[in-house]
Each structure stands twice: as C-alpha cells, then as structure tokens.
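Structure at a glance
What follows is the residue order along each chain.
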Amino acid sequence: MTHKPIRKAVFPVAGLGTRFLPATKAIPKEMLPVVDRPLIQYAVDEAREAEIEQMIFVTGRGKSAIEDHFDIAYELERTMTDRGKDISVLEPTRLGPGNCAYVRQQEPMGLGHAIWCARDIVGDEPFAIFLPDEFMHGSPGCMAQMVAEYEKTGGNLLSVLEVPREQVSSYGVIDPGAAQGKLTEVKGLVEKPKVEAAPSNLIISGRYILQPEVMRVLEHQGKGAGGEIQLTDAMAQMIGKQPFHAVTFDGARYDCGSKTGYIEANLAVALSRPDMADEVRAIAQRLVG
Ligand code: UTP
C-alpha cells in the first residue's frame, strides 16, 4: 500500500524559552547554536534529508531572527564574494518562498495550540512536526528513519526513547503495545505523568508524523497539563481510530531546552567533527583533570 507522502513540516518556535533566560530575552531559543549552526537549522536540515519540501514555522513576537536566518543576506553575501570568501556555508540557510511559510501564534498557549495555528497551510495531508530544541543527532536523521517506517505503516508516528523511570514526569509518555523492530504500537499517551502512574519509561522525543485529522481534534482541545493546550492530549484521542506507532530513534537525542542538555549537545557534536574533535577532546580532558 502507498501512503500519502510527507511533504510539509511544522516547526513550533513561538515558546518563551524561559529556562534559558537571559540568553533568550532577545534571541529565540531555536537560534542558539550547537557549535556553529543554530538549533533550527539542524531541524530544517533533518527535514530536507527526509525529502520534506515545505517548512512551516509557527512564530511569535521576538522571533524575527528565525525569518532573517532563512532569508538571503544580500549584503553579507556580496561583501564576502567581493573579498573572495567562500559563501557555500550559507547555502542551506536559504529557503525560497515556495519552501517556507510563517504563521504567528499570538499567545504561547501550548504546543497543541501552536500546531493548530498551522492548520490552513498544512491542509488535508499528513505532516511532520519538529521540536527544534530536541536535538536529534544521527545518520540517517530521526525524521528520515521515521519516514522509512511510515512508508510501511502509514497513520501516525512519534519518536520515542527510553529514560530512567524517575525522569518521566517531565515528558509525554507512551503506553506501549506490541513491538516489532523499531516500531512499537501506541495504546495510550500521557503528558507529564507522576512516576508511579507512568505507563512506561518511553518518552516522546520531539518528532512526529501526524494525519491532518489531529487539527480537528485540536480545535476542541481544552487546556491540559500546565494550563496549556497539549498536543499529547489531542494525539491520545486519535488512538484506536487510526494506526499509531512509536519509532525508537537509532541515534542520540539531546534536550537543548535544558542548559545541561545543551552543553552535552555542543560537546557531542564538537567531538564528532573531524575539524575540531582532537582539539576539543584535549580541552575536555584538561578541564576535567
Ligand atoms: P517548550 O515548552 O520546550 O518551550 O516547547 P518553551 O515554552 O519555549 O520553553 P521554556 O520551558 O519556557 O524554557 C517546545 C517547543 O514548542 C514551542 C517552543 O518554541 C519549543 O520549540 N512552543 C511551545 C510554541 O511554539 N508555542 C507554545 O505555546 C509552546
């Protein structure tokens, strides 16, 4: 059976990033760099690798740096070219008008609400969601791995990973059913459960492929955990009506919404880069003694 291809991706980037203040007072959290690329660029590159064509950003006030980042920087390019400098590093940052769209979430009412703001541009087709502060490091990328599974199963997919049980209450958690290879059936979802009540230690990790019906569910979704409109609650309502699976990502995930996760991501990427790995390893060894 062939399933409708995933052509569109939604990047919710309208959150306040309060855990990273004061760094995120004037700069969006999604523009924080891991080594030399902003988080949002890694997410867009991951989408492109998965052959997604249209990037939809759900932005808010103070997020114009993201729009500038994906625009053409004429002056910069001109000056660099005049001085004989290589501008190829800027190539992945140019998203043409046919490849990107911006919608505004006027108030940060939660991830579910942010996704719903993109409903008109998503239209009636399955789409991907990327939370850019969840940095997925691996090859092939997380979304490419998910799309490969989607081509077999269709329906809805989310990426999961195992965490120590005492950490589950910070995340969305799945109630797992039968597992086969990378795929696990999803029987239920809970957002930020108490440790005792959590159905597993498999947490949702920032990448989704969803059917457009989720927009209709979100339309009527009330506030959930933290007084926010939760995507997890809307997805939970689709279980049983449509196929729903979790994909275990073969790679590493760093929570760049938290300071220590962000430091870890920088170190991991630096240590994986041939241009700096040796130097950074020596620095790290010296610092930890
Ligand atoms: P987070 O809860 O991690 O981001 O949302 P936050 O609210 O910006 O961060 P803190 O907790 O205050 O530090 C995950 C993603 O969803 C987006 C965020 O921008 C982030 O990329 N988001 C969240 C929205 O777009 N709108 C919202 O109302 C909430």
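Further up the page is the structure itself.
Here's what I pulled together on the structure shown here. Model, not experiment: these values are computed from the prediction.

Quick look at the site of the ligand now. The full set close to the ligand counts 18 residues, and Gly17, Thr18, Arg19, Gln105 and Gly110 are the nearest of them. Between Leu16 and the ligand, the recorded distance is 3.1 Å, taken from a backbone N or O atom to an oxygen atom. Backbone polar atom of Arg19 to an oxygen atom of the ligand: 2.8 Å apart, as the coordinates give it. Here the ligand, which alone exposes 570 Å², has 85% of that area covered by the protein.

A regular strand carries its side chains on alternate faces of the sheet. Of all 5 residues that make up strand β12 (residues 244–248), 4 are buried, and the element is covered over most of its length. With 5 bridges joining them, strand β8 (residues 156–162) and β12 adopt parallel strand pairing. When the bridges of β12 are listed, Ser159 appears paired with Val247. Summarising the sheet, strand β10 (residues 183–191) and β12 pair through 3 bridges and their orientation is antiparallel.

Where helix α8 (residues 231–238) is concerned, the buried positions are Leu231, Thr232, Ala234, Met235 and Met238. Seen end-on, α8 carries its buried residues on one side only, within an arc spanning 160°.

Turning our attention to a nonpolar patch on the surface. A grouping of Ile283, Leu287 and Val288 is seen on the molecular surface, where their side chains present a nonpolar patch of about 330 Å² in accessible area. Within the secondary structure, Leu287 sits in helix α10 (residues 277–288).

Its location among the elements puts Asp255 in strand β13 (residues 252–255). Once you skip the residues sitting within four places of it in the chain, Asp255 turns out to touch Arg19, Asp133, Tyr171, Gly261 and Tyr262. Among the polar contacts made by the side chain of Asp255, one reaches the main-chain amide nitrogen of Gly257 at a distance of 3.0 Å.

This brings us to the pattern of salt bridges. Pairing between side chains becomes possible if they bear opposite charge and their charged atoms approach one another. Enumeration over the complete set of coordinates arrives at 17 salt bridges. Here Arg7 and Glu53 are joined by a salt bridge, their closest N and O atoms 3.7 Å apart. Of this pair, Arg7 sits in the segment before β1 (8–12) while Glu53 sits in the loop between α1 (39–49) and β4 (54–59), placing them 46 residues apart in sequence. Of the charged contacts in the structure, one is a salt bridge between Asp45 and Arg48, with a shortest N-O distance of 3.2 Å. Residue Asp45 and its partner Arg48 are located together in helix α1, separated by 3 residues, close to a single helical turn. For Arg48, a relative accessible area of 31% translates into the label partly exposed.

Rules used in this analysis
- Residue numbers restart at each chain and count upward from 1, following the sequence in its written direction.
- Totals for whole chains, interfaces and linings use all residues, but because this is a predicted model, local features are given only for residues with pLDDT of at least 70 and pairs of side-chain atoms are given and counted only at 80 or more.
- Only hydrogens and water are removed before side-chain values are computed, so all heavy atoms of the structure are retained for them.
- One heavy atom within 4 Å of a molecule or strand is enough for the residue carrying it to be called near that molecule or strand.
- Under this definition, polar contacts are N or O atom pairs within 3.5 Å; protein pairs additionally need one hydrogen-donor-capable and one acceptor-capable atom, and for neighbouring residues in sequence, both atoms have to be side-chain atoms.
- Shrake-Rupley sampling with a 1.4 Å probe provides the accessible areas, and residues are treated as covered by the protein chains on show and by no other component.
- Throughout, exposure labels follow a simple rule: accessible area from a 1.4 Å probe, protein chains only, divided by the maximum for the residue type, with under 20% read as buried, over 50% as exposed, and the rest as partly exposed.
- Each helix is a run of DSSP H or I of at least 4 residues and each strand a run of E of at least 2, with the numbering of both proceeding from the N terminus.
- In short, DSSP must find at least two bridges between two strands for them to pair.
- Picture the helix axis, draw a direction to every C-beta atom, and the arc is the one those directions span.
- For patch detection, residues must exceed 30% relative accessible area and be free of salt bridges, and they are connected within 9 Å for like charges or within 5 Å for nonpolar side chains (Val, Leu, Ile, Met, Phe, Trp, Tyr).
- One side-chain nitrogen of Lys or Arg within 4 Å of one carboxyl oxygen of Asp or Glu is enough to make a salt bridge.
- Contact definition: two residues touch when any of their heavy atoms are within 4.5 Å.

Keep in mind that these numbers describe shape and distance, not what the molecule does.
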